[in-house]
Each structure stands twice: as C-alpha cells, then as structure tokens.
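# A structural walkthrough
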Amino acid sequence: MSDTPVDADEVRHVAELARVDLDEDEVEEFAAQFADILGYFDALDEVPEVDREDELVNVMRPDEVRDGLTQEEALSNAAETEDGFFKGPRVS
Amino acid sequence: MSLNAFITKETLDGADDGPLSGKTVAVKDNISTEGLRTTCGSAMLEDYVPPYDATVVELLKDAGATIVGKANMDEFGMGTTTETSAFGPTKNPVDESRVPGGSSGGSAAAVAAGEADLALGTDTGGSIRCPAAFCGVVGIKPTYGLVSRYGLVAYANSLEQIGPIAPTVEDAAALLDVIAGPDDRDGTTRNAGADSNYAAAADGDVEGLTIGVPTEFVEGADEGVEEAFWAALDELEAQGAEYREVSMPSVEKAVAAYYVIAMSEASSNLARFDGVRYGKSGGYDGNWNEAFARAREEGFGSEVKRRILLGTYALSAGYHDKYYAKAQDARAWVKQDFDEAFEDVDVVASPTMPVPPFELGESLDDPLQMYLADANTVPVNLANLPAISVPAGETDGLPVGLQLIGPKFGEETIVRAASAVEN
C-alpha cells in the first residue's frame, strides 16, 4: 500500500486537472487501482543517485519556409468550422 | 473466423519498382496514412483521416511496398494484449483463445497468419517485441533516433520507435533498411542507418560472440519459457558463441520508472485531444472545460484514462520529485548498467516475455499485473537501445521469444545473433 493516500476525492481532483469526466463507478475503481499502482511506484524511493554523464546539446536549424497543409486540409477533421476557422466551445 | 488483425482494410499501392516491390505490408494504426483513416485503436479518432503520410509510409511506398491495411492495436499503444482497442481484441493466430500480445498485436497477428508479408509496429515499452514473441514472428525495436517518428501519433516521445515485424530475421532487417535513416522532420533522428545493410548481417555467424544473461531477467519467468530460453542459448553456444551471467540490479526498478515516465508523457501528449481540431467532439454545451472533459470521457477507454490520470498525478505539484524525478534517476541507472554490461559482452539476452501468451480476458481486471509482464522489455526503451525478439521454441504449443539487446546503433550485431537462432 502506498504511503500516498489515494481516495475518491483525489481521483476526482486529478480527473478535473486532466479534463476527463468520470462516472462514479470509474472513480471508485480508479481509487483502488491507483493505490496499488502508486504503491508499486514507491520502489523508486530506493533508486540511488546516478551521475548522468550525457552532455545534452540543443540541436538547432535555421527557420525556413516550406509548404504546409492548406487551410482546407487543416480543417478537414474538425467537427465544426466557421468562415475558415475551427469552431470551439465558449471559453467561460 | 477473422482474427480482427485490421481496423481498416484498404490497399495503397507503392512505386512500381523497389526493394519491397511485390511485398504486402500492414501498418499499425497509429502511423499516419494520407487519405486513409488512422484511429490509434481509439473511439476518439474513429473518423480521423490524416492529410499527410508519416515519413515511414512515404519510404514504404517509395520502396514499392503495397500497404494492405491499418493494423489493430491497444488504444494509443497502451496495453500488452491488444484488448484495449476500441475496435475489439485481435486473436492470436497460433491459438485463437489467446491474445497476440500488444500493443502492436494486429501487426504481429497479420504477419503470423500470412495476411501481410511484413508489418510496421511501434515499441514504447515492448509493443513490437511482445506481440512478435507471442505470435512466433520476428520484431525489432530500433535504437532511439534510427527511424523517423514524423507522422506517428505520439504516446511517449522519449521512449518510442517505429520498427519492423516479419516472419524471418532477414526480412525484418530488410524492412528496417527501408525505414532507417535521418529525417529533417524529426530532430531526434541521427545519421546512423542512412546507408544501412542490416539484411546482409543476417548471416548466422556467431563464432566468438559473447552473450550476457542478466539473472534479474530470468528469475521469476515461467518454467517452460525458461527452458526454451536456455535451450536457445545452448544452441548458440554450440554454434561458437559463449554466454555468461551478468548482474543488472537497476532493472528491478525499470517497470516503475517506465510507467511513471510513459504515463507522464502520455498525459501531456494526449492533452491535444479536445474534440475541436480533430477527434470526437464534446459538443457546445457549457464552457470549454466542460466540453473538453465530455469529449475525453466519451472518446477514451479505461486504460487511456488511467494512464492520463496517473501521469497528471505524477507531474502535479508535490509529487513531481517523488515520482517523475526519481524515475529519471532510475532511467540513468538502467543506462549505466547496460553501458557496463556492454564493456564485457556483445549482446544481452533474456526471454522477451516472462510468460506465454495470456488467455483472452485474463489480464484486463488487474492493470498492475499487466504492467509487470513488461519487465524484460521496458529497460531497453529506458536505455534507448536496439533489441530483437526471435522465435525460440515453444512451451505447451505456445511460442516463446528470445530477446537480444545490443549497444546503441548495434543493429547489425543483434540481427546477426538472432539469425543464428533460426539455424
């Protein structure tokens, strides 16, 4: 069992952060499963500090203009469009 | 009865001439095909038609291959059985009461059943090697950066690679030759593989090859799997290779590290599915948060929701250091263990899967048990290394896979070693 408590409220909170609606059965099921899974993840507490020798370097290139999707192609999978724009739900 | 290996069956012809002319190829349904529905095994994308080809699909067409359909898969690649597909499970052609493995189960089943000569899969934590092992075919997870991911619908970018599935090592290597190489549309690709001839390495010559066997990879395996594994190593020894046990203590933390990292990346990558630009719409009632949450409730299956939520949790304030940061430490530790092993041996060997193929429905209720089945495959993705699964006998009539892991860009070495297993 995890030293991190996971209850139904916690599952609802994370689901809200992730923008995923859940029904009550799913909340209960996930709470039980998350306790198991997060308990297993606690094994990571025993991982030693490791020197990472990799020197990471950003790989850059100059911006260059090239052909992309047409507006029609870009909109072709949208549920609804209006005047050549995506149509989304209202923001508040 | 159909195996349900394909989500969409449609033929796309390639160029008239090329190294793959006359070959039929199944393409996993998370790889974009212009004008041909690409669902990722998800209800979210059941009507999504990409307006462009993935780089690997362009390369297949240029090489003369005929694409025969989009192969079934666990939803967004999240599963080890192909049962989380919104389009129903694929059956294992060897035993139709069993799963084909996953997540590239449709790809492996299609090849094993002869419904395609070759297939492309993707491997984030074993998703090519597991179904190859369970269906008795060959699968290669290339070194990270060998094959372009442009046009692959992302699940966990830092871990995943596209790779080949085929009936023989030589055929798999020949397909890898076609898709390997740098691509300016994927900044993580490297020059390795540009002029490869991996197929030529399938010469079966293992004289003098040293094989390391980490005890951690063999302990706890099913008895029949273990017997087949040691029999394969004895056979390689008879052909001139030698093997020795090595110790890699880090791999005992690999499953936890892998799932924390993969779920964290998934929670971020799958944030794009809000039903506005593509995918199932949540309608227009209420505000955008409500509409997005509704689209994602309807469009995603349980396993995808589970991983998005756990990833969100692992990255959230207060838990980031405990889970995500520690998982990155574990990833560095796994890499270090492999680096040390490759100072003494040419390849590292293990059973690909510690168990024979599950029965359909057996593992769905207990996600953690399913994750633990990936114990031998996920360390390879954490360390960015190449690995191959090659058939190595049977247990109770079910296929067993031998996994051979090579050093970074050591594809020729694992192809050569695996081809000797076929002798």
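The structure presented is a predicted model; accordingly, all values stated were derived computationally and were not measured. (Residues numbered from 1 in each chain as written. Chains lettered and ligands numbered in written order. Predicted model: local features only at pLDDT ≥ 70, side-chain atom pairs only at ≥ 80, totals over all residues.)

### Quick notes on the overall build of chain B
Rule in force here: Each helix is a run of H or I in the DSSP string that is no shorter than four residues. Each strand is a run of E no shorter than two, and both are numbered from the N terminus. Restricting the calculation to C-alpha atoms gives the radius of gyration, and the globule rule supplies 2.2 Å times the number of residues raised to the power 0.38. Exposure classification rests on a simple neighbour count of other C-beta atoms within 10 Å of a residue's own: a residue reaching 20 or more is buried, one at 12 or fewer is exposed, and one in between is partly exposed. C-beta atoms are placed from the backbone. Residues are defined as contacting one another if the C-beta atoms placed from their backbone atoms lie within 7 Å.
Summing up its helical and strand segments, chain B has 13 helices and eleven strands in all. Against the compact-globule benchmark of 22 Å for 423 residues, chain B has a radius of gyration of 20 Å, which places it among compact chains. Looking at chain B residue by residue over its 423 residues, the buried ones come to 65%. In chain B, the share of contacts with a sequence separation of at least 24, taken over all contacts with a separation of at least 6, comes to 75%.

### A few points about unusual backbone geometry
Geometrically, the link from Gly102(B) to Ser103(B) is a cis peptide bond, its omega value of 10 degrees lying close to zero. With respect to the helices and strands, Ser103(B) occurs in the loop between β3 (66–71) and α2 (105–112). Phi is positive for Asp83(A), which is not a glycine, with a value near 55 degrees. Following the sequence through the fold, Asp83(A) ends up in the loop between β1 (81–82) and β2 (85–86). In this structure Asp83(A) comes out as exposed when scored by C-beta crowding, with 5 C-beta atoms within 10 Å. Despite not being glycine, Thr82(B) shows a phi value in the positive range, around 70 degrees. Structurally, the position occupied by Thr82(B) is in the loop between β3 and α2.

### Looking at the pairing of strand β5 (residues 138–141) of chain B
Residues and elements named next belong to chain B. This is how the line gets drawn: The rule for pairing is simple: two strands pair if DSSP sees at least two bridges between them.
Judged by which residues are buried, β5 turns out to be covered on both faces: Val138 and Ile140 on one side and Gly139 and Lys141 on the other are all buried. By the bridge criterion, two bridges tie β5 to strand β6 (residues 161–166) in an arrangement that is antiparallel. Residue pairing across strands places Val138 opposite Ala166, the latter belonging to β6. Summarising the sheet, β5 and strand β10 (residues 387–395) pair through three bridges and their orientation is antiparallel. Bridge assignment links Lys141 to a residue of β10, and that residue is Ala387.

### So, the packing of helix α7 (residues 254–269) of chain B against helix α10 (residues 321–344) of chain B
Residues and elements named next belong to chain B. For clarity, the threshold we go by: Note on geometry: axes are lines fitted to C-alpha atoms, helical ones only across the stretch in contact, with angles between N-to-C directions running from 0 to 180 degrees. Note that the term roughly parallel is reserved for angles under 35 degrees, roughly antiparallel for angles over 145, roughly perpendicular for angles of 65 to 115, and oblique for everything else. Handedness of a crossing is defined here by the sense of rotation of the near helix relative to the far one, left-handed for an anticlockwise turn of less than a right angle and right-handed for a clockwise turn.
α10 packs onto α7 with a crossing angle of 125 degrees between their chain directions and a minimal axis gap of 9 Å. The orientation of α7 relative to α10 falls into the category oblique. Considering how the two elements wind past one another, α7 and α10 form a crossing that is left-handed. Between α7 and α10, the residues in contact are Ala254, Ala257, Val260, Ile261 and Ser264 and Tyr323, Tyr324, Ala327, Ala330, Arg331 and Val334, respectively.

### Examining helix α6 (residues 223–238) of chain B
Put simply, the rule reads: Multiplying one less than the number of residues by 1.5 Å gives the expected span of a helix.
Over its 16 residues, α6(B) extends 23 Å from the first C-alpha to the last, a length consistent with the 22 Å expected when each residue adds 1.5 Å. Downstream of α6(B) by one or two residues, Gly240(B) has phi in the positive range, about 115 degrees.

### Points about the interface of chain B and chain A
Quick note on the threshold: Throughout, the ten residues Ala, Val, Leu, Ile, Met, Phe, Trp, Tyr, Cys and Pro are labelled nonpolar, Asp, Glu, Lys and Arg are labelled charged, and all others, Gly among them, are labelled polar.
In this complex, chain B contributes 43 residues to the contact, which on the side of chain A involves 37 residues. Within the residue set of the side of chain B that touches chain A, elements represented by two or more residues are α7, α8 (288–299), α9 (302–315), α10 and α11 (367–372) of chain B. The class makeup of the residues in the side of chain B that touches chain A is 25 nonpolar, nine polar and nine charged.

### Side note on the pairing of strand β11 (residues 398–405) of chain B
Residue and element names in this part refer to chain B. Burial runs high along β11: seven of the eight residues are buried. Inspection of the sheet shows strand β9 (residues 347–351) paired to β11 by four bridges, in the antiparallel sense. Counted as the bridge partner of Ala349 is Leu404 from β11. Pairing geometry for β10 and β11, over seven bridges, is antiparallel. Bridging across to β11, Thr395 finds its partner in Leu398. The hairpin formed by β10 and β11 contains two residues between the paired strands, and Asp396 there has a positive phi angle of roughly 50 degrees.

### With respect to the environment of Gly401(B)
All names here are of chain B. As for its placement among the helices and strands, Gly401 is situated in strand β11. Exposure remark for Gly401: the 32 C-beta atoms within 10 Å place this residue in the buried category. Once residues lying within four places of it in the same chain are set aside, the contact partners of Gly401 are Arg129, Ala132, Ala133, Thr352, Met353, Ser389, Val390, Pro391 and Ala392.

### Here's the deal with the sheet that holds β3(B)
Residues and elements named next belong to chain B. Read across the open sheet, the eleven strands follow the order β1-β3-β2-β4-β6-β5-β10-β11-β9-β7-β8; overall the sheet is mixed. For this open sheet the edge positions go to β1 (6–8) and β8 (242–246), each flanked by a neighbour on one side alone. The sheet shows a mean angle of 35 degrees between the axes of neighbouring strands, direction not considered. Sheet strands in contact with helix α4 (residues 169–179) are β4 (118–123), β5, β6 and β10, and its direction is about 145 degrees off that of β6.

### Looking at the confidence of the model for chain A
Note the following rule: The predictor reports its confidence for every residue as pLDDT, a score running from 0 up to 100.
Across chain A, pLDDT averages 90, with 92% of residues at or above 70. Within chain A, no element has a lower average pLDDT than helix α2 (residues 24–41) of chain A, which sits at 95, and none a higher one than helix α3 (residues 71–75) of chain A, at 97.

### Observations concerning the packing of helix α1 (residues 8–17) of chain A against α9(B)
Where α1(A) meets α9(B), the closest approach of the two axes is 9 Å, and the angle between their N-to-C directions is 95 degrees. Considering the angle they form, α1(A) stands roughly perpendicular to α9(B). Facing α1(A), whose interface residues are Val11(A), Val14(A), Ala15(A) and Leu17(A), α9(B) presents Leu309(B), Thr312(B) and Tyr313(B). Classifying every residue of the contact of α1(A) with α9(B) gives six nonpolar, one polar and no charged.

### Points about α2(A)
In this model, α2(A) (18 residues) spans 25 Å end to end at C-alpha, consistent with the 26 Å of a helix rising 1.5 Å per residue. If you check which residues of α2(A) are buried, you get Phe30(A), Phe34(A), Ile37(A), Leu38(A) and Phe41(A). Contacts from the buried residues of α2(A) go to α1 of chain A together with α7, α9, α10 and α11 of chain B.

### Topic: the confidence of the model for chain B
Of all residues in chain B, 100% attain a pLDDT of 70 or more, and the chain-wide mean is 97. Both confidence scores are given for the complex: pTM 0.97, ipTM 0.93.

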